[in-house]
Amino acid sequence: DAGVIQSPRHEVTEMGQEVTLRCKPISGHDYLFWYRQTMMRGLELLIYFNNNVPIDDSGMPEDRFSAKMPNASFSTLKIQPSEPRDSAVYFCASSHRTSGLVETQYFGPGTRLTVL
Amino acid sequence: AQSVTQLGSHVSVSEGALVLLRCNYSSSVPPYLFWYVQYPNQGLQLLLKYTTGATLVKGINGFEAEFKKSETSFHLTKPSAHMSDAAEYFCAVTSWGSKLTFGTGTRLQVTL
């Protein structure tokens, strides 16, 4: 399997612009997670989906952030408008729940976002 | 609520020396515990996990961790460090459910 695929790998944009990050989970996985990693705050869960439905978005910083999962093989995280404090590495992860077991999350390589 | 505390944001060991990375957790229900490793400019990769059963868990690259309920700990060890072990290591906890709570990470440096 190709693993979790994220694009772009690097994004540089100016404050106020819209940014869209993309993720393709591992085929067959029914959970998808978006994380943000910064030096100051470490690794934070932003939102996660189960079977394409958002389950917990309590980690989404504010209304400027939105995430969608239109189908089982694609998800987006959008920031509009972007601000310099959004600069971070954004990770997507996916997993598959097997009844009675705790699943492992598989991470993508991340998107490094820089907002100038 | 769950939480993880990783003691020591930076650990430095000599090549061939014992690696010990500390993790203590807090959970009101039986926890499931994970160690992930992150190499520079890469995503996180699972090293090992504890769910139920044997409290000593073996993972990849010669790492292992022991779940100690009485000490609420899940420390990561490796008998002999290798230069390729230099990375950042994250401990994480979950109960029943999918939401992982990560620690702040420990950066391991391996010197000659």
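What you are looking at is a predicted structure, and each value in this text was computed from that prediction instead of being measured.

A. Representation of the nonpolar core. Residue and element names in this part refer to chain B. By size, the foremost hydrophobic cluster in this structure holds 26 residues, and its most contacted members are Trp 35, Leu 47, Leu 48, Phe 74, Leu 76 and Tyr 89. When residues of this core are traced back to their parent elements, those giving at least two are strand 3 (19–26), strand 4 (32–38), strand 5 (44–50), strand 7 (64–68), strand 8 (73–78), strand 9 (87–94) and strand 11 (106–111). With near-sequence residues (within four places) excluded, Phe 74 lies in contact with Cys 23, Leu 33, Phe 34, Trp 35, Leu 48, Tyr 50, Ala 65, Glu 66 and Phe 67.

B. Representation of the environment of His 82 of chain B in the model. Residues and elements named next belong to chain B. Along the chain, His 82 turns up in the loop between strand 8 and strand 9. For the pair His 82 and Ser 9, spaced 73 residues apart in sequence, the C-alpha separation works out to 19 Å. Excluding residues within four positions of it along the chain, His 82 makes contact with Glu 15 and Val 110.

C. Quick peek at the packing of aromatic side chains. All names here are of chain A. Within the structure shown, the criterion is met by 15 aromatic pairs over all chains. Ring centres of Tyr 35 and Phe 107 lie 5.3 Å apart, and the angle between their planes is 35°; this geometry places the pair in the tilted category. With Tyr 35 in strand 4 (residues 31–38) and Phe 107 in strand 10 (residues 106–107), this residue pair connects regions lying 72 residues apart in the sequence. With relative accessibility at 1%, the residue Tyr 35 sits in the buried group.

Conventions adopted
- Residues numbered from 1 in each chain as written.
- Chains lettered and ligands numbered in written order.
- Predicted model: local features only at pLDDT ≥ 70, side-chain atom pairs only at ≥ 80, totals over all residues.
- Heavy atoms only, no water.
- Core = buried A, V, L, I, M, F, W, Y, C linked by side-chain atoms within 4.5 Å.
- Buried < 20%, exposed > 50% of the residue type's maximum accessible area, 1.4 Å probe, protein only.
- Helix = DSSP H or I, 4+ residues; strand = E, 2+ residues; numbered from the N terminus.
- Contact = heavy atoms within 4.5 Å.
- Phe/Tyr/Trp six-rings, centres within 6.5 Å; stacked < 30°, edge-to-face > 60°.

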